[in-house]
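Understanding the architecture of this molecule
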Amino acid sequence: MRWNMVPDLRKQELLKQITQSDVAYIKDLSEELGISLSTIRRDLRALEEDGEIVVMRGGAVRIKNGDYDEPVARKRLINSEAKEIIAKKAAALVEDGDCIYVDSGTTTVAMLKYLPGRNITIVSSSTQLMENMPIKGATCILLGGEVRDDLESVYGTLTEKMIMSMHFDKAFIGANGYIEDGAIYTYDFREARKKEIVKDYSKTTYVLMDTSKKNKYAFSKVFELSEGILITEED
């Protein structure tokens, strides 16, 4: 790929490289992508102006973090390989005849493409369910409710009432952080409430999170980690 020829894809690849470590260095990015230092600096300035990154002294750069949930479009670039491993593990747990809940989030939604061919019912609060249909063999139900576009998620009173009218054999939940021997956390209290209700109406609840979220807090506690089964990219 000649990154110098496709500015938008080049900046997307830059973001992907930067998210793979806490701090990246301009010189390393230049060598890794085969882009001149002047082009790298120009792209980084543009990304900084867009609020995506922070350029620091000494030629270092990092993703701009804050106490908020990042948009799904950015999340897809972060730890993508780990998310695919987790998604495959989760999909392997689904059996014919299951009624499952698939939460909103990049890791949970990633499992949808591994589900075709099974006679199952899929209920989801992710608007991305529509993008993955049809799923061969599956009956798909998209929950109603208030739509949050940046998270591609629905939540609120209507969503909660629909969940409480159902029962799931297995639920696959995403979150923003977890504490070993503690709880799982998310940034939005309405998302936290939705996830808690799903857990209460599920026979088994799986929590899908890559290890970059280990020992990280967010605004709202969802439930104790011991109340679910954690699936990470590690064995």
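Everything below is about the structure shown above.
Since the model is a prediction, treat every value here as computed from it, not as a measurement.

**Re the environment of Pro7**
With respect to the secondary-structure elements, Pro7 resides in helix H1 (residues 7-19). Measuring from C-alpha to C-alpha, the distance between Pro7 and Asp43 comes to 8.1 Å, with 36 residues separating the pair along the chain.

**Some words on the nonpolar core**
Within the largest apolar cluster, 21 residues are counted, with the highest numbers of intra-cluster contacts made by Met111, Leu112, Leu115, Ile122, Phe172 and Leu208. Residue assignment for this core shows that the elements contributing at least two residues are helix H5 (80-91), strand S4 (99-102), helix H6 (106-110), strand S5 (120-124) and strand S12 (202-208). Setting aside residues no more than four positions away along its own chain, Leu115 makes contact with Ala91, Val94, Ile100, Ile120, Ile122 and Ile135. If you look at the next biggest cluster of nonpolar residues, it comprises 13 residues, including Ile18, Ile26, Leu29 and Ile40.

**So, the sheet that holds strand S14 (residues 229-231)**
One open sheet accounts for six strands, arranged S6-S5-S4-S9-S12-S14; its pairing is parallel. Strand pairing shows two members of the sheet lacking a second neighbour, strand S6 (138-142) and S14, which therefore form its edges. Adjacent strand axes in the sheet meet at a mean angle of 20°, parallel and antiparallel pairs treated alike. Judged from the five bridges that link them, S5 and S6 form a sheet pairing that is parallel. Its bridge partner being in S6, Ile122 is matched across the sheet by Cys140. The strands that H5 touches are strand S9 (168-174), S12 and S14; relative to S14, the one it contacts most, it runs at about 135°. Contacting S4, S9 and S12, helix H9 (residues 189-200) crosses the sheet at an angle of about 155° to S9.

**Concerning the sheet that holds strand S11 (residues 183-186)**
The strand order S10-S11-S13 describes an open sheet built from three strands, whose pairing is antiparallel. Looking at which strands have only one partner, the edges of the open sheet turn out to be strand S10 (177-178) and strand S13 (220-224). Here four bridges tie S11 to S13, and the two strands are oriented antiparallel to one another. Looking at the pairing, Tyr185 lines up with Lys221 of S13. The sheet strands contacting H9 are S11 and S13, and the helix crosses S13 at an angle near 15°.

**Some words on unusual backbone geometry**
Pro134 follows Met133 through a cis peptide bond whose omega is 0°. Tracing the backbone shows Pro134 in the loop between helix H7 (129-132) and S6. Despite not being glycine, Asp181 has its phi angle at roughly 60°, a positive value. Mapped onto the elements of the fold, Asp181 is located in the loop between S10 and S11. With a phi close to 55°, Asn215 is a non-glycine residue in the positive phi region. Mapped onto the elements, Asn215 comes out in the loop between S12 and S13.

Rules used in this analysis
- Residues numbered from 1 in each chain as written.
- Predicted model: local features only at pLDDT ≥ 70, side-chain atom pairs only at ≥ 80, totals over all residues.
- Heavy atoms only, no water.
- Helix = DSSP H or I, 4+ residues; strand = E, 2+ residues; numbered from the N terminus.
- Core = buried A, V, L, I, M, F, W, Y, C linked by side-chain atoms within 4.5 Å.
- Buried < 20%, exposed > 50% of the residue type's maximum accessible area, 1.4 Å probe, protein only.
- Contact = heavy atoms within 4.5 Å.
- Pairing = 2+ DSSP bridges.
- Axes fitted to C-alpha atoms, helices over the stretch in contact; angles between N-to-C directions.

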